[in-house]
Amino acid sequence: NAGVMQNPRHLVRRRGQEARLRCSPMKGHSHVYWYRQLPEEGLKFMVYLQKENIIDESGMPKERFSAEFPKEGPSILRIQQVVRGDSAAYFCASSPGSGRVYEQYFGPGTRLTVT
Amino acid sequence: DQQVKQNSPSLSVQEGRISILNCDYTNSMFDYFLWYKKYPAEGPTFLISISSIKDKNEDGRFTVFLNKSAKHLSLHIVPSQPGDSAVYFCAASAGNNDMRFGAGTRLTVKP
């Protein structure tokens, strides 16, 4: 199955800890997007990355959140010093490349619970 | 800033009947609209899309209608099947990578 993979699927962190969410795009896809879904809300865009570049991070909270998509390996969404309000489902999507940015394929998501 | 709105959180339809899911948007710069379907514990999957230069796009049982003057789009599913039961998200983009999603409508198709 060459779909978008995310791990872990479920992550529990205590307040103040760090959360690292991983996303492996579909084979051949060089564009990665991160979204957050809060309970009873839609998906909210966070960040768009290409290999080694952050293209658009307009949806990222200014503090504690960061994302990277290194030359090798998965894309990482990192949340430092988590708070209860960070509890949500985080979805990663990938797309083939320029000219087809609308064609986003989503992973199964990581459900983060902050206790 | 809710630029894409799905005002019905849920919809229940009898198998074989038509399901109509609605979506409104406020940003006149949106030029591409998509519908995604989401099952529990899975990521959203792309269903159908429409460009702002069209007012209708059809794919099998699924048809999306766009009314630009009303800033409204709808997804019609005919005939509805129990397997269509899922959460449907409307999304819109203004030609950049910032896709805005609605809050979703939970469709239940009863056998």
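Structural data are supplied above this passage.
Let me sum up the structure you'll find in this document. (Residues numbered from 1 in each chain as written. Chains lettered and ligands numbered in written order. Predicted model: local features only at pLDDT ≥ 70, side-chain atom pairs only at ≥ 80, totals over all residues. Heavy atoms only, no water.)

Some thoughts on the overall build of chain B
Now for step 1: Scanning chain B from terminus to terminus reveals zero helices and eleven strands.
Now for step 2: Since a compact globule built from 111 residues should have a radius of gyration of about 13 Å, the 13 Å found for chain B is in line with a globular shape.
Now for step 3: Dimensions along the principal axes, computed over C-alpha positions, put chain B at roughly 40 × 30 × 20 Å.
Now for step 4: Within chain B, buried positions represent 45% of all 111 residues.
Now for step 5: Across chain B, contacts joining residues at least 24 apart in sequence account for 53% of those joining residues at least 6 apart.
Now for step 6: For chain B, the exposed surface amounts to about 5,300 Å²; the carbon and sulfur share of it is 48%.
Now for step 7: Averaged over its 12 positive side-chain charges, chain B has a centre that lies 4 Å from the centre of its 10 negative ones. (Helix = DSSP H or I, 4+ residues; strand = E, 2+ residues; numbered from the N terminus. Rg over C-alpha atoms; globule rule 2.2 N^0.38 Å. Buried < 20%, exposed > 50% of the residue type's maximum accessible area, 1.4 Å probe, protein only. Contact = heavy atoms within 4.5 Å. Areas by Shrake-Rupley, 256 points an atom, 1.4 Å probe, with all protein chains shown as cover. Lys, Arg positive; Asp, Glu negative; His and termini not counted. Charge placed at Lys NZ, Arg CZ, Asp CG, Glu CD.)

Some thoughts on the layout of surface pockets
Now for step 1: Estimated volume of the largest pocket: approximately 550 Å³.
Now for step 2: Taken together, 24 residues make up the lining of the largest pocket; nearest its centre are Gln37 and Glu40 of chain A together with Val87, Phe89 and Arg106 of chain B.
Now for step 3: Taken together, the elements giving at least two residues each to the lining of the largest pocket come down to strand E9 (88–95) and strand E11 (110–114) of chain A together with strand E9 (86–93) and strand E11 (105–110) of chain B.
Now for step 4: Tallied by class, the residues present in the lining of the largest pocket amount to 14 nonpolar, five polar and five charged. (1 Å grid on protein atoms, 1.4 Å probe; cavity = no way out; pocket = protein on both sides within 12 Å on 5 of 7 lines; lining within 4 Å. Points joined across faces, edges and corners; volume = space filled by probe spheres on them. Nonpolar A, V, L, I, M, F, W, Y, C, P; charged D, E, K, R; others polar.)

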